[in-house]
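# Coordinate analysis (summary)
Spelled out, the chains give:
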Amino acid sequence: MRPAATPVVLDEIDRRIVNSLQGGFPLVPRPYAAVAETLGLGEDELLARLRALLASGVLSRFGPMYDAEKFGGAVSLAAMRVPAERFDAVAAILMDMPEIAHNYERDHPLDMWFVIATETPAGIEATRRAIEARTDLEVLLFPKEREYFIGMRVEA
Amino acid sequence: MTRTTLDAVDRAIVAATQSGLPLTPTPYADVAVTVGVTEAEVIARLARLLEAGIVRRIGAVPNHYRLGLAHNGMTVWDVEDGEVDRLGPLVGALDFVTHCYRRPRALPDWPYNLFAMVHGRSRDEVEAKRGEIETLLGPSLRASDILYSTRILKKTGLRIVG
């Protein structure tokens, strides 16, 4: 597989599929046929292109996007100030923890930013304490207080 | 936080679809076979989950990097408390902002209470977009910063069920 940062060149039809299908997929017995018709494609062609877009990684998935917190789980953004010489070792600790969903290095004194996702709200604080115990570093939590938008729409 | 009770059938539908819908002409009928209910039941339950916000949307989830949007900047803003709930939705409505949240400050290290994720094909493009947010926030803005991601250390999907 190509590195995740390698852009894939899309033709006009792929671009229309990616741009028009980021939501609103119909809840009808033949949804791909319904969408294909609005795009001027055949159902088979749409399915083949979606398979190719998933295989090349242009789409990371296709289907319902669930809100984890509505299932009783909890999610929080978190950050740490990790000394450069310990950075890789701390990243490896988080890599092994199933509660950590994403982790990014960012160019800031708070240089490690990650998402903690747990089955219960109490799990967030427990995970924070576990990370602090294993790294001897302070974990700052930035839980969302209000969501203004999460559309994740992207222009291809 | 809104909690919605899901029964065993709902949970089975989530488990069957959380990694994606079948790429077949009749995806809901295929899910119905896996779950052991009718196609109409799957469609009706997904409609209800969508209405309750448990399903945010149904469709394609693009990978920004593969689309050439390799530069992602987490813009962070210190906005007056009395104004942030008025301005936040305006920032969130900008078409280049993919996530926008109010979060707690962590003083003294971290004075920012508004987070908006911006993606672009270059740093210049991301900086131009940051400038648009700055203009929009106007006099209610006290300080801001932008944190570029320099490395993805871990990225796993959230598994909800199963």
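Please read these numbers as outputs of a predicted model, since none were measured by experiment.

### Considerations on the overall build of chain A
Within chain A, the secondary structure is distributed over 5 helices and 6 strands. Counting from the amino terminus, chain A carries its helices and strands in the arrangement α-α-α-β-β-α-β-β-α-β-β. Expressed along its principal axes, the backbone C-alpha trace of chain A runs to roughly 60 × 35 × 25 Å. Residue burial in chain A is summarised as follows: out of 156 residues, 52% are buried. When contacts within chain A are restricted to residue pairs at least 6 apart in sequence, those whose partners lie at least 24 apart make up 62%. Surface accessibility of chain A: about 7,200 Å² in total, with carbon and sulfur atoms responsible for 55%. In chain A, 17 side chains carry a positive charge and 24 a negative one; their mean positions are 3 Å apart.

### So, the side chain of aspartate 67 of chain A
With respect to the element layout, aspartate 67 of chain A can be found in the loop between strand E1 (59-66) and strand E2 (74-80). Classification of aspartate 67 of chain A by relative accessible area gives buried; the value is 8%. Within the structure, aspartate 67 of chain A has its side chain in polar contact with the side chain of arginine 56 of chain B (distance 3.5 Å). Apart from residues no more than four positions distant in its own chain, aspartate 67 of chain A is found in contact with Gly53, Ile54 and Arg56 of chain B.

### What to know about the interface of chain A and chain B
Across the contact, 84 residues belong to chain A and 83 residues belong to chain B. If you sort the residues of chain A by the area they bury against chain B, Leu27, Tyr66 and Tyr148 of chain A come out on top, with a joint share of 11%. Taken together, the links from chain A to chain B amount to 8 salt bridges. A salt bridge links arginine 81 of chain A to aspartate 109 of chain B; the nearest nitrogen and oxygen atoms lie 3.6 Å apart. Taken together, the elements giving at least two residues each to the side of chain A that touches chain B come down to helix H2 (31-39), helix H3 (43-55), E1, helix H4 (87-95), strand E3 (100-106), strand E4 (112-118), strand E5 (139-142) and strand E6 (146-150) of chain A. It is E1 of chain A that contributes the most residues to the side of chain A that touches chain B, 8 residues altogether. Looking at the side of chain A that touches chain B residue by residue, the classes come out as 51 nonpolar, 14 polar and 19 charged. Of the strand pairs in this sheet, E1 of chain A and strand E1 (residues 55-62) of chain B are connected by 7 bridges, and their pairing is antiparallel.

Cut-offs and rules
Residues numbered from 1 in each chain as written. Chains lettered and ligands numbered in written order. Predicted model: local features only at pLDDT ≥ 70, side-chain atom pairs only at ≥ 80, totals over all residues. Heavy atoms only, no water. Helix = DSSP H or I, 4+ residues; strand = E, 2+ residues; numbered from the N terminus. Buried < 20%, exposed > 50% of the residue type's maximum accessible area, 1.4 Å probe, protein only. Contact = heavy atoms within 4.5 Å. Areas by Shrake-Rupley, 256 points an atom, 1.4 Å probe, with all protein chains shown as cover. Lys, Arg positive; Asp, Glu negative; His and termini not counted. Charge placed at Lys NZ, Arg CZ, Asp CG, Glu CD. Polar contact = N/O pair within 3.5 Å; in protein donor to acceptor, adjacent residues only side chain to side chain. Buried area = accessible area lost by both parts, 1.4 Å probe. Salt bridge = Lys/Arg side-chain N within 4 Å of Asp/Glu carboxyl O. Nonpolar A, V, L, I, M, F, W, Y, C, P; charged D, E, K, R; others polar. Pairing = 2+ DSSP bridges.

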